[in-house]
Amino acid sequence: MMDKLEDFESFLKNVDKISELVKDLKSSDVEVQQKAIEKADCYIAAMDEPCRTKVNKTTINTNPPLQPSMSLQNESPENFMKIMERDAEDRRVKRIAKEKKATALKDKGNEAYTQEDYETAVKYYSDGLAELRDMQPLYTNRAQAYIKLGRYKEAISDCEWALKCNERCIKAYLHMGKAYLALKKYNESRNCFEKILENEPGREKMMKEYLTQVDLEEEKESQEVTAMQEFDKGDGKATAVLQLLEKLSRPGQMPFYYCGGFEILSQAVSNCTGQTLFRLNNGFSIISGNDMVRSCLLQETKDPDSQELCVSVLRLWRAICCGNDENQRMLMTCPIRRQSIVDLVTSEHVAVRKECLALLCLFSQIPHSRRLAIDNLNAHMLVRNLMACITEPQQQQENTAVNILENFAAEKRFCIQLRNVLSDSVSVPFTTILRNISKSNQQVLPSLISAVGCLAQDDAIRHDFAHDPECWKAFLVAIRQCSTCEYKEVLYPLLGLIINLSTITSPVIQEHAVSLCDCCLGLLRDSDGGIVTRATGVLSTVLPQSSEAIQHVIERDAVRTMRRLLKGTGQTATKYAIKTLTVCTAASHLARKELLKSDKKLSILRHLLASSCDEMVSGNAALCLAHCLELEGIAGNLLGTDIVLLLLRHAAGDAKRTAVQQNAAIALGKLCRSEPRHINRLQELHGLEILHSCMKLIM
């Protein structure tokens, strides 16, 4: 390498010398020319010195391609540009043709993939890439097909090429993450999913599920390595698991033989090593493959021995699944196990029902386990059977059933599965319980109402409840029952559910609005502040749906009651009360007069405008004030107060709800129009400019 560098530097020096000689030889000075000739002779003599270069590797192309660029040099600029444009157009047309062929091949590949013919799909995607090498979807689609074929390294390679086409390609990172996970390269897999999260934060929930899957797979591998090490050491519990499974695999034994074996095995799998060895040694297959066990799980035999065997199996499943995610997944892979877990919830045998509920409770407590159960169990049948347990309380099992329902209801995918079967699985049994509240079910009802409230977070389910006539009839019966029998622990969550559901406009709610509001007006005299607050909340959401209900509550002195609540209650009660008052004053001249009877200067509303940090409260207070200003003489009563300043602050503020600014501006406009002397104060505060800027909100 050093010799080559020296030759190169020598060559450069020679170039410089020759350049100087040529310059001197062309000189007009004869003397300079003569000296140059002498130097040239000396230089030529020195050239006889051998060169270090041994082989000349330069090759001469004897068939050079045509060089259009040589002829282009002689073209005019105008012709040159035309030639370039024509060349670009030719390339564009060829590109379009290639894209068309590649897209057609991609579509054929997609069709083959849909039919689970992954080899054919790969062929079509490969043919497409032969047409167009930089078509990113072909790489990601082929990677997906490779994953299905277990060709994970090829899938990763395709994903890398896809990222060269588009460095932010989400599908490429997703498939690469899956392929690395299949190869047990957990860190690489995590990096792929985290890259998606970095590029698209909106996919956080989905990516968390993938990252959880990586963690579970890594934990599974670690458990299996540890378990085998313990077994190789001859650990007593570890070897006992294998011995017990060998004995339990013997067919044709008596029920009590298997029952006793399952009980001992349940104790042997109390730790992670035992649970893992159970899985690795086909424990699930051994038990599910036993004809006697299968028969009792499907409730084909109902004699006492079979029922005891069923209890033992359920208890064993709970022992091997407790804290072991992979075992939970394995349990859910068998159709018979999935069916029996749902069906045995309503078993005639109390001990069987209890163990089945305990197993379901285990699955319902952790998000990953919940999703596993939801994805594998029949949600419709499960909820119907859980509701059957709740409606027929026995030995406190209804509490476990409702806890399971409440936990599952927190999962959106569970709610989605119930949308089309809501009436049969939830609504009918729920309304039946509400119509028959008693001491036997009053303890479980608050949790049940809470579970239904969780389900109602789903828009479709909330809509169905809001439009169900039987549901609202049951609400009225339940409120009256609770008011009479002092079931406040039921009444409080029930009113909360009604507030939630009545945010939906519904003809059914309109039909029952007067009765509902009448019940709530009665509850406003309750000594329990929580009940009073929620009763006010129901009024605030139901009244906007019925003018008849508004007139009814005004006649029953609701305005004075709301004014009293605004003087000394909590923030939530204040929010509900001012909204109720605003609805009443918007619809009724009488309500405005009633509000002003003992408060000519609207001090309560001014206090809310001055002190409340809740935009909903201040916005409704401004709107209620605007309604009252329509009465003659009210604006004059407010001269000398701080009303202009208060309204101006809200009109000029930066509230997140533009309705606050809008309502304040409207009230300010009405104030000045009704009593022009307020304009002087407005001018002093430079408020005309602010009011003018608010006009766009009002418009």
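Everything below is about the structure shown above.
Predicted model, so just to flag it, every value in this text is computed and none were measured. (Residues numbered from 1 in each chain as written. Predicted model: local features only at pLDDT ≥ 70, side-chain atom pairs only at ≥ 80, totals over all residues. Heavy atoms only, no water.)

## Concerning the overall build of the protein
Part 1 of the reasoning: When its secondary structure is counted, the protein shows 42 helices and 0 strands.
Part 2 of the reasoning: Expressed as a percentage of the 699 residues in the protein, the buried residues total 44%.
Part 3 of the reasoning: Sequence separation of 24 or more characterises 69% of the internal contacts of the protein that already satisfy a separation of 6 or more.
Part 4 of the reasoning: For the protein, the accessible area works out to roughly 36,700 Å², and carbon and sulfur atoms hold 51% of it. (Helix = DSSP H or I, 4+ residues; strand = E, 2+ residues; numbered from the N terminus. Buried < 20%, exposed > 50% of the residue type's maximum accessible area, 1.4 Å probe, protein only. Contact = heavy atoms within 4.5 Å. Areas by Shrake-Rupley, 256 points an atom, 1.4 Å probe, with all protein chains shown as cover.)

## Focus: the environment of S288
Part 1 of the reasoning: Relative to the helices and strands, S288 is located in helix α14 (residues 283–288).
Part 2 of the reasoning: Owing to a relative accessible area of 15%, S288 belongs among the buried residues under this scheme.
Part 3 of the reasoning: It is 7.7 Å that separates the C-alpha atoms of S288 and R337, two residues lying 49 residues apart in sequence.
Part 4 of the reasoning: Among the polar contacts made by the side chain of S288, one reaches the side chain of R337 at a distance of 2.6 Å. (Polar contact = N/O pair within 3.5 Å; in protein donor to acceptor, adjacent residues only side chain to side chain.)

## Considering the packing of helix α9 (residues 186–199) against helix α10 (residues 204–233)
When two helices pack together, their arrangement is captured by the angle between the axes and the distance separating the axes.
Part 1 of the reasoning: Orientation of α9 relative to α10, taken along the N-to-C sense of each, is 170 degrees, at an axis distance of 9 Å. One way to sum up the angle between α9 and α10 is to call them roughly antiparallel. Along the contact surface, α9 presents Y186, S189, R190, F193, E194, I196 and L197, while α10 presents E204, M207, Y210, L211, V214, D215, E217, E218 and E221.
Part 2 of the reasoning: In terms of residue class, the contact of α9 with α10 is made up of 8 nonpolar, 1 polar and 7 charged. (Axes fitted to C-alpha atoms, helices over the stretch in contact; angles between N-to-C directions. Parallel < 35°, antiparallel > 145°, perpendicular 65-115°, else oblique. Nonpolar A, V, L, I, M, F, W, Y, C, P; charged D, E, K, R; others polar.)

## So, the state of the cysteines
Linking two cysteines covalently through their sulfur atoms gives a disulfide.
Part 1 of the reasoning: In this structure the tally under the stated criterion is 0 disulfides.
Part 2 of the reasoning: As a non-bridged cysteine, C415 has C454 as the owner of its nearest cysteine sulfur, 8.0 Å distant.
Part 3 of the reasoning: Among the residues examined, C415 registers a relative accessible area of 4% and is labelled buried. (Disulfide = S-S within 2.5 Å.)

## What to know about the side chain of D468
Part 1 of the reasoning: Along the chain, D468 turns up in the loop between α26 (459–466) and α27 (469–485).
Part 2 of the reasoning: For the buried D468, which has no salt bridge, the nearest side chain bearing the opposite charge is R435, at an N-O separation of 7.4 Å.
Part 3 of the reasoning: Within the structure, the side chain of D468 is placed 3.1 Å from the backbone nitrogen of E470, a separation counted as a polar contact.
Part 4 of the reasoning: For D468, the residues in contact, after removing those within four places along its chain, are S427 and V508. (Lys, Arg positive; Asp, Glu negative; His and termini not counted. Salt bridge = Lys/Arg side-chain N within 4 Å of Asp/Glu carboxyl O.)

## What to know about unusual backbone geometry
Part 1 of the reasoning: The backbone of K184 shows a phi angle near 65 degrees, a positive value even though the residue is not glycine.
Part 2 of the reasoning: Positioned with a positive phi, Q299 is a non-glycine residue whose angle comes to about 60 degrees.
Part 3 of the reasoning: Tracing the backbone through its elements, the reader meets Q299 in the loop between α15 (291–297) and α16 (304–321).
Part 4 of the reasoning: Look at Q299 and you get partly exposed, because its relative accessible area is 25%.

## Some words on the side chain of S295
Part 1 of the reasoning: Assignment of secondary structure puts S295 in helix α15.
Part 2 of the reasoning: Apart from residues no more than four positions distant in its own chain, S295 is found in contact with E300 and T301.

## Section: the pattern of salt bridges
Part 1 of the reasoning: Overall, the coordinates contain 40 salt bridges when judged by the stated rule.
Part 2 of the reasoning: Ionic pairing is found between E204 and K208, a salt bridge with its closest N-O pair at 3.2 Å. On the criterion of helical spacing, the pair formed by E204 and K208 is a turn pair, its members being 4 residues apart in helix α10.
Part 3 of the reasoning: Since its relative accessible area comes to 48%, K208 is described here as partly exposed.
Part 4 of the reasoning: Residues participating in the shared-partner salt-bridge network are E209, R370, R371, D375, E411 and R413.

## With respect to the packing of helix α29 (residues 507–523) against helix α31 (residues 547–555)
Part 1 of the reasoning: At a minimum axis distance of 8 Å, the contact between α29 and α31 shows a crossing angle of 30 degrees. Classified by the angle between their axes, α29 and α31 sit roughly parallel to one another. The handedness of the crossing between α29 and α31 is right-handed. On the side of α29, the interface is formed by A513, V514, C517, D518 and L521, while α31 contributes E548, A549, H552 and V553.
Part 2 of the reasoning: Partitioning the contact of α29 with α31 into residue classes produces 6 nonpolar, 1 polar and 2 charged. (Left-handed = near helix turned anticlockwise from the far one by under 90°.)

## As for the packing of aromatic side chains
Part 1 of the reasoning: As enumerated under the stated definition, the model contains 7 aromatic pairs in all.
Part 2 of the reasoning: With a centroid separation of 6.3 Å and an interplanar angle of 15 degrees, the aromatic rings of Y139 and W161 are classed as stacked. Of this pair, Y139 sits in helix α6 (residues 136–148) while W161 sits in helix α7 (residues 152–165), and the two are 22 residues apart along the sequence.
Part 3 of the reasoning: Judged by centre distance (5.4 Å) and plane angle (85 degrees), the rings of Y257 and Y258 are edge-to-face.
Part 4 of the reasoning: We classify Y258 as buried; its relative accessible area is 1%.
Part 5 of the reasoning: If you follow K123 out to its NZ or CZ, it ends over the ring of Y124, 5.8 Å from the centre.
Part 6 of the reasoning: Above the ring of Y492, the side-chain terminus of R534 is found at 3.8 Å from the ring centroid. (Phe/Tyr/Trp six-rings, centres within 6.5 Å; stacked < 30°, edge-to-face > 60°. Lys NZ or Arg CZ within 6 Å of the ring centre and 35° of its normal.)

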